[in-house]
Amino acid sequence: MSINDPLGDMLTRIRNAQMRRKTKVSTPTSKLRERVLEVLADEGYIRGYARVDYDGGKSEFEIELKYFDGEPVIKDIKRVSTPGRRVYSSVKDLPTVANGLGVSILSTPKGVMSDSQARNENVGGEILCSVF
């Protein structure tokens, strides 16, 4: 089975695992997924992630989800730019998520970063997803 949107698949796995109150969820590896997971960990939305290598050259990320008082830290996580509809934004027009309480994750010429980092670096790019 081929996956048309690997990043959207990872976000859906995280969303589904948190609805079922799972502590960990696994997803196949890719560089883009790793960069997005780094931003999620830096912003405090997940506890962390680890790369698990299997026989035959396959590997997965095991994502450790974060909860506070029994509720998931991630209230809403959604894909903004899809393979059929790419969404780009300049640094001046970067949207705020939940009046600044949430984070947009962008793919910029300087790498994958949060919207606040993009404003500090003065770069725009493709809005990959938003997290609240």
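Along each chain, numbering runs from 1 in the same order as the chain's sequence is written. In keeping with the predicted nature of the model, local features appear solely for residues at pLDDT of at least 70, side-chain atom pairs appear and are counted solely at 80 or more, and the whole-chain, interface and lining totals rest on all residues. Side-chain measures here rest on the full set of heavy atoms in the structure, leaving out hydrogens and waters.

### Some remarks on the packing of aromatic side chains
Link 1 in the chain: Paired rings are identified among Phe, Tyr and Trp, the last through its six-membered ring, by centres lying within 6.5 Å, and are further divided according to the angle between planes into stacked (under 30 degrees), edge-to-face (over 60) and tilted (the rest). In this structure the tally under the stated criterion is one aromatic pair.
Link 2 in the chain: With 5.6 Å between their ring centres and 90 degrees between their planes, Tyr49 and Phe61 make a pair best called edge-to-face. Placement of the pair is Tyr49 in strand S2 (residues 46-53) and Phe61 in strand S3 (residues 59-65), with a sequence separation of twelve residues.
Link 3 in the chain: Using a 1.4 Å probe on the protein chains alone, a residue whose accessible area is under 20% of its type maximum counts as buried, one over 50% counts as exposed, and one in between counts as partly exposed. Look at Tyr49 and you get partly exposed, because its relative accessible area is 25%. Labels follow the DSSP assignment, with helices taken as runs of H or I lasting at least four residues and strands as runs of E lasting at least two, numbered in each case from the N terminus.

### Comments concerning the pairing of strand S8 (residues 103-108)
Link 1 in the chain: Burial analysis of S8 places five of its six residues in the buried class, the great majority of the element.
Link 2 in the chain: Strands are labelled as partners when DSSP assigns at least two bridges between them. In terms of strand pairing, S8 meets strand S10 (residues 125-131) through five bridges, oriented antiparallel. From the neighbouring strand, Ile105 faces S10, where its bridge partner is Cys129.
Link 3 in the chain: Connecting S8 to the next strand, strand S9 (residues 111-114), in antiparallel fashion are two residues.

### Thoughts on unusual backbone geometry
Link 1 in the chain: Notably, Arg21 is not glycine yet its phi reads approximately 60 degrees, a positive angle.
Link 2 in the chain: Relative to the assigned elements, Arg21 resides in the loop between helix H1 (6-19) and strand S1 (24-28).

### A closer look at the environment of Arg51
Link 1 in the chain: Here Arg51 lies in strand S2.
Link 2 in the chain: A sequence separation of 25 residues divides Arg51 from Ser26, and the C-alpha atoms of the two residues are 9.5 Å apart.
Link 3 in the chain: Pairing of N or O atoms within 3.5 Å defines a polar contact, subject to two protein rules: one partner must be a possible hydrogen donor and the other a possible acceptor, and residues neighboring in sequence count only if both atoms are side-chain atoms. Within polar-contact distance, the side chain of Arg51 engages the side chain of Asp53 at 3.3 Å.
Link 4 in the chain: Engagement of the side chain of Arg51 in a polar contact is seen with the side chain of Ser59, the distance being 3.1 Å.

### Topic: the nonpolar core
Considering soluble globular proteins, one finds that nonpolar side chains tend to be buried as a cluster.
Link 1 in the chain: Buried Ala, Val, Leu, Ile, Met, Phe, Trp, Tyr and Cys residues that are joined via side-chain atoms within 4.5 Å together make up what is termed a nonpolar core. Among the nonpolar cores identified, the biggest contains 23 residues, and Met10, Ile14, Leu40, Ile63 and Ile105 are the most heavily contacted of them.
Link 2 in the chain: For this core, the element with the most residues is H1, which contributes five residues.
Link 3 in the chain: In this structure, Val87, Leu94, Leu106 and Ile127 belong to the second largest nonpolar core, which totals seven residues.

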